[in-house]
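Structural overview for review
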Amino acid sequence: MPNPEGATAPATLTYEGTTLELPVVRPTLGRTALDISAIGLKGLSVLDPGYADTAAYQSAITFVDGEEGRLYYRGYPVEQLATSTSFLDVAYLLINGELPTAQAADEFTGRVRDPKMVLHVGIERLFDAFPQSMHPMAMLAIATEALSAYADDGAKPDSPAGVQQAGVRLLSAMPIFTGYALSTVRGLPRGKSNRSLDYAEDLLQLCFAIPGSDHLPDNVTARALNTLLVLHADHELNCSTATLRMVASSGAGFYAGVSAAINALWGPLHGGANQEVIKMLQEIKESGRPLSYFIDKAKDKNDPFRLMGFGHRVYKTTDARAKVIRNIALDLVEKLAPQDPLLDIALDLEEVALADEYFISRRLYPNVDFYSGVIYRAIGFPDEMFTPLFVAGRTAGWVAHWLEMTSSSAKRIGRPTQIYTGPTERPVPKNRHEAAS
Ligand code: ACO
């Protein structure tokens, strides 16, 4: 294992008279790790619920500094990229390790936006079969998996060229999937991708232009969506990316891995929180109750209610992305939906929670999902489309993680262990039905 700061004396673990040396692994940024991979040889394991302190991989893609509230893609602060870089340049950075030269950017954009990279008619038919009531996250997961039927580029997980091509195909398809999902939810005809537009513009026109019209999205909204895509592009080893890597470790294909990651992202404690935040803000508005009522509910351990869009496993001061998103919300909601009361409720709720001892002592702050839904709503997206928009950005990171994982020489099938708490061996009772009656 690489050890950027050179050799360090190993840590020692002593248990019941046995001493084990644990090599120290130093990252370029973040927590030092103890390599416990030999612990199983001594008949021991490690209990770490939610893998909160377990480093399962080495990765050079993204770093979250939870104490400082900073996020870096390949070393670049995300807030600098968010306001100055196109989403596809950031995707290139994540996948290839460096920002593209002008020529490389043209070439990469040309591949992703290639008009010949259209969806197979079989995928279109799939959307015909989806009922209007189906959640668009399910549509995206199924459509992504179905790509494997029409392109074999993602089938060989350890062929970097094939996976690069599959990544380009998926990035190319994602605005179309998003637009098709929205058309299905709304029961409207599907739009057509306009490859002369940039990524965010095309996604918007696929969602909102009336098919056949020349209506183009306005620049301010397209720029805001570009920033949101950049901010969502990667976030190191979160639940969905860990799922993607777990699938990759078994040797399954790329589209299967991304489909699994989409399903993991859907959960309300993860990417699905952006939809839940709006549900919560609406509930607050309609109830007419004071904010303190909801703060008390969130603090009550006997009540399952949580302040959605608050808290994070890694960020313990502020979420680097939430700061940028909050500013976009302030600008865009004012411009597009000044009459929407939900932004004001969110701002008030944030203020009350940040002054409350419960949230202060647990270091709970607004995360990426707290303000993003308010923006998507102002643009005109229905609530169930918020998490699919997260997918559109995160696809870039998933391609990068898949490539890094499958090209690593240290890859090993993911297989956590357990602390078994069930019965010890016992015989199956003879005449068990008689015994039960
Ligand atoms: N509201 C109320 N209490 C909370 C919240 C919240 N949103 N988040 C955490 N807490 C409390 C927990 O009850 C716990 O309290 P305790 O120490 O008294 O038992 C303490 O803070 C620590 O919380 P954990 O659940 O142990 O933290 P964990 O790291 O496991 O979970 C998570 C992180 C899932 C994000 C959590 O904060 C949460 O549920 N937030 C709301 C959902 C959400 O916004 N998810 C999106 C996260 S960003 C993303 O995934 C894209």
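All residue numbers refer to positions counted from 1 along the written sequence of the respective chain. Predicted model: local features are reported for residues with pLDDT of at least 70 only, side-chain atom pairs are reported and counted for 80 or more only, and whole-chain, interface and lining totals are derived from all residues. To obtain the side-chain values, all non-hydrogen atoms of the structure were included, while hydrogens and water were left out.

Details of the nonpolar core
Judged by nonpolar contacts, the single largest core of 123 residues is most densely connected at Tyr73, Phe177, Met280, Leu281, Leu307 and Phe381. Helix and strand definitions follow DSSP, with helices as H or I runs of at least four residues and strands as E runs of at least two, each counted in order from the N terminus. Among the elements that make up this core, the one with the highest residue count is helix α6 (residues 160–186) (13 residues). Any pair of residues with heavy atoms lying within 4.5 Å of one another is described as a contacting pair. Apart from residues lying up to four places away in sequence, Leu281 is in contact with Leu342, Ile345, Ala346, Leu349 and Val374. Joining through side-chain atoms within 4.5 Å is the link that ties buried Ala, Val, Leu, Ile, Met, Phe, Trp, Tyr and Cys residues into a set, and such a set is a nonpolar core. Summary of the burial criterion: residues with accessible area below 20% of their type's maximum are buried, those above 50% are exposed, and those between are partly exposed, where the area comes from a 1.4 Å probe applied to protein chains only.

Quick word on the pattern of salt bridges
A carboxyl oxygen of Asp or Glu within 4 Å of a side-chain nitrogen of Lys or Arg is what we treat as a salt bridge. This structure, assessed with the given rule, holds 17 salt bridges. Here Asp153 makes a salt bridge to Arg169, at a shortest N to O gap of 2.7 Å. Here Asp153, found in the loop between α5 (136–150) and α6, pairs with Arg169, found in helix α6; they are 16 residues apart in sequence, far enough to count as distant. A residue is classified by how much of its surface remains accessible, and Asp153, at 10% relative accessible area, is buried. Taking the relative accessible area as the measure of exposure, Arg169 reaches 23% and is therefore partly exposed. Note that Asp319 is salt-bridged to Arg321, the shortest N-O span being 2.9 Å. The pair formed by Asp319 and Arg321 is uniform in burial state, with each residue classed as buried.

Quick notes on the site of the ligand
Residue proximity to a molecule or strand is established when one non-hydrogen atom of the residue lies within 4 Å of it. If you check the shell around the ligand, you find 21 residues, and the closest are His270, Arg306, Leu307, Gly309 and Arg313. A distance of 2.7 Å separates an oxygen atom of the ligand from a polar atom in the side chain of Arg306. Between the ligand and Phe310 there is a distance of 2.8 Å, counted from a nitrogen atom to a backbone nitrogen or oxygen. Considered on its own, the ligand offers 910 Å² of accessible surface; in the complex 75% of this is hidden by protein. N or O atoms closer than or at 3.5 Å make up a polar contact, with two conditions inside protein: a donor-capable atom paired with an acceptor-capable one, and, for residues adjacent in sequence, both atoms drawn from side chains. Exposure was quantified through the Shrake-Rupley algorithm and a 1.4 Å probe, taking into account, for residues, occlusion by the shown protein chains and nothing else.

Quick notes on the packing of aromatic side chains
The aromatic pairing rule takes the rings of Phe, Tyr and Trp, using the six-membered ring of Trp, and pairs them if the centres are within 6.5 Å, calling planes under 30 degrees apart stacked, those over 60 edge-to-face and the rest tilted. Within this structure, the stated rule accounts for 16 aromatic pairs. Between the aromatic rings of Tyr92 and Phe108, the centroid separation amounts to 5.5 Å while the plane-to-plane angle is 80 degrees, which identifies the pairing as edge-to-face. Note that Tyr92 is positioned in helix α2 (residues 87–96) and Phe108 in helix α3 (residues 102–112), a separation of 16 residues in sequence. Phe108 carries the same exposure label as Tyr92, and that label is buried. Taken together, a centroid distance of 5.7 Å and an interplanar angle of 40 degrees make the contact between Tyr376 and Phe386 tilted. Here Tyr376, found in helix α16 (residues 368–379), pairs with Phe386, found in helix α17 (residues 386–406); they are 10 residues apart in sequence, far enough to count as distant. Since its relative accessible area comes to 1%, Tyr376 is described here as buried. Assessed through its relative accessible area of 0%, Phe386 is described here as buried. The structure contains a cluster of three or more aromatic residues connected by ring pairs, namely Phe310, Tyr358, Phe359, Phe370 and Tyr371. Sitting over the ring of Tyr57, Arg245 keeps its end group 4.8 Å from the ring centre. Whether a charge sits over a ring depends on NZ of Lys or CZ of Arg being within 6 Å of the ring centre and within 35 degrees of the ring normal.

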